[in-house]
Amino acid sequence: MLQLRAFAGGVLAPGGLLPLQRAFTSSAAPWKASEPAFEHSEDRDECSFQTKIWEVLQTKIDSRRLWVSDECMVLDAVKKMAAGDVGSLLVYDKDKAGPGGEVPTSISSCVGIVTERDYLKKVMLKGLASSTTPVSRIMTPQEQLAVLTPQHSVLEAMDLMVKYNVRHVPVIEDSNMAGVLSMKDVIKVLLDDRKHEVDSLKDYIRGSW
């Protein structure tokens, strides 16, 4: 298993979006954030899309609990998604579970992510049996993951999702997986933003200011 280098400064610099495999290395040298994976637009930065990812994660259930073992069957993973009303689960190496079966949340324990899209495309469309197909067979593996940190903004998350055509992005903090940000989370922030603007305009028109 490849090991994650230590973060320079504790977290990725905002804009340092990159696939997770570029953060994994066997070298002991400290890892630094890459150049931004997209070009910022000043006009876009003037929009109210600067909500930080940590603010979004605070409004969600403790997504750090939403993990499955790499040996878990797809059917059980789908049931867990349905129970948690989520579209993805982080996948951990079963050999790194705690002595009492505690789920590990470290980056080094994460071997991938499984999503509802993986289930539809890799199980349903291929006629596989979800009750006998392990999650490890259909998950997006660790080396193909793109990640965010709590310090990134919703705007940066949108750019990352579009760039890599993903709807669920793991969030890393220090040496742990802090949760998963989904496209649904991003849309909710934008809708809440617009609702606030509309309410403010209504108050202005009514002379409430």
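In this report, we go over the structure that sits alongside the text. Please read all numbers here as calculations on a predicted model, not as lab measurements. (Residues numbered from 1 in each chain as written. Predicted model: local features only at pLDDT ≥ 70, side-chain atom pairs only at ≥ 80, totals over all residues. Heavy atoms only, no water.)

Backbone geometry places Asp-85, a non-glycine residue, at a positive phi of 55 degrees. Looking at where Asp-85 falls in the secondary structure, it is placed in the loop between helix 3 (74–84) and strand 5 (88–92). Note on Asp-85: relative accessible area 60%, which makes it exposed. (Helix = DSSP H or I, 4+ residues; strand = E, 2+ residues; numbered from the N terminus. Buried < 20%, exposed > 50% of the residue type's maximum accessible area, 1.4 Å probe, protein only.)

Turning next to the packing of aromatic side chains. The tally for this structure, following the rule as stated, stands at one aromatic pair. When the centroid spacing of 6.4 Å and the interplanar angle of 50 degrees are considered together, the rings of Trp-67 and Tyr-92 count as tilted. Taken together, the residues span a long stretch of sequence, with Trp-67 in strand 4 (residues 67–69) and Tyr-92 in strand 5 at a distance of 25 residues. It is Lys-163 that lies over the ring of Tyr-164; its NZ or CZ is 5.7 Å from the centre. (Phe/Tyr/Trp six-rings, centres within 6.5 Å; stacked < 30°, edge-to-face > 60°. Lys NZ or Arg CZ within 6 Å of the ring centre and 35° of its normal.)

Let's shift gears to the nonpolar core. In this structure, Ile-53, Leu-148, Val-154, Ala-157, Val-171, Leu-181 and Val-186 are the most contacted members of the largest nonpolar core, which totals 18 residues. Contributing elements (two or more residues each) for this core: helix 2 (53–58), helix 6 (154–164), strand 9 (168–173), strand 10 (176–182) and helix 7 (183–206). With five residues, helix 6 is the single largest residue contributor to this core. Setting aside residues no more than four positions away along its own chain, Val-171 makes contact with Ile-53, Leu-57, Leu-148, Thr-149, Pro-150, Asn-176, Met-177, Ala-178, Gly-179, Val-180 and Leu-181. Core analysis: the second largest hydrophobic core is formed by 14 residues, Val-68, Cys-72, Val-114 and Val-123 among them. (Core = buried A, V, L, I, M, F, W, Y, C linked by side-chain atoms within 4.5 Å. Contact = heavy atoms within 4.5 Å.)

This part is about the sheet that holds strand 4. Read from one edge of the open sheet, four strands run 4-5-6-7, paired in mixed fashion. Among the strands making up the open sheet, the edge pair consists of strand 4 and strand 7 (140–141). Note: strand 4 against strand 5, three bridges, orientation parallel. Across the sheet, residue Trp-67 finds its bridge partner in strand 5, namely Leu-90. Set on the sheet, helix 3 makes contact with strand 4, strand 5 and strand 6 (110–115); between it and strand 5 the angle comes to about 130 degrees. Against the sheet, helix 4 (residues 116–124) touches strand 6 and strand 7, its axis set at about 75 degrees to strand 6. (Pairing = 2+ DSSP bridges. Axes fitted to C-alpha atoms, helices over the stretch in contact; angles between N-to-C directions.)

Counting buried positions along strand 10 gives six out of seven residues, so the element sits mostly inside the fold. Both strand 9 and strand 10 contribute to a ladder of six bridges, which runs antiparallel. Among the inter-strand pairings, Val-171 is bridged to a residue of strand 10, identified as Gly-179. The antiparallel hairpin formed by strand 9 and strand 10 contains two residues in its connecting segment, where Asp-174 sits at a positive phi of about 55 degrees.

Taken by themselves, the reported measurements are silent on function.
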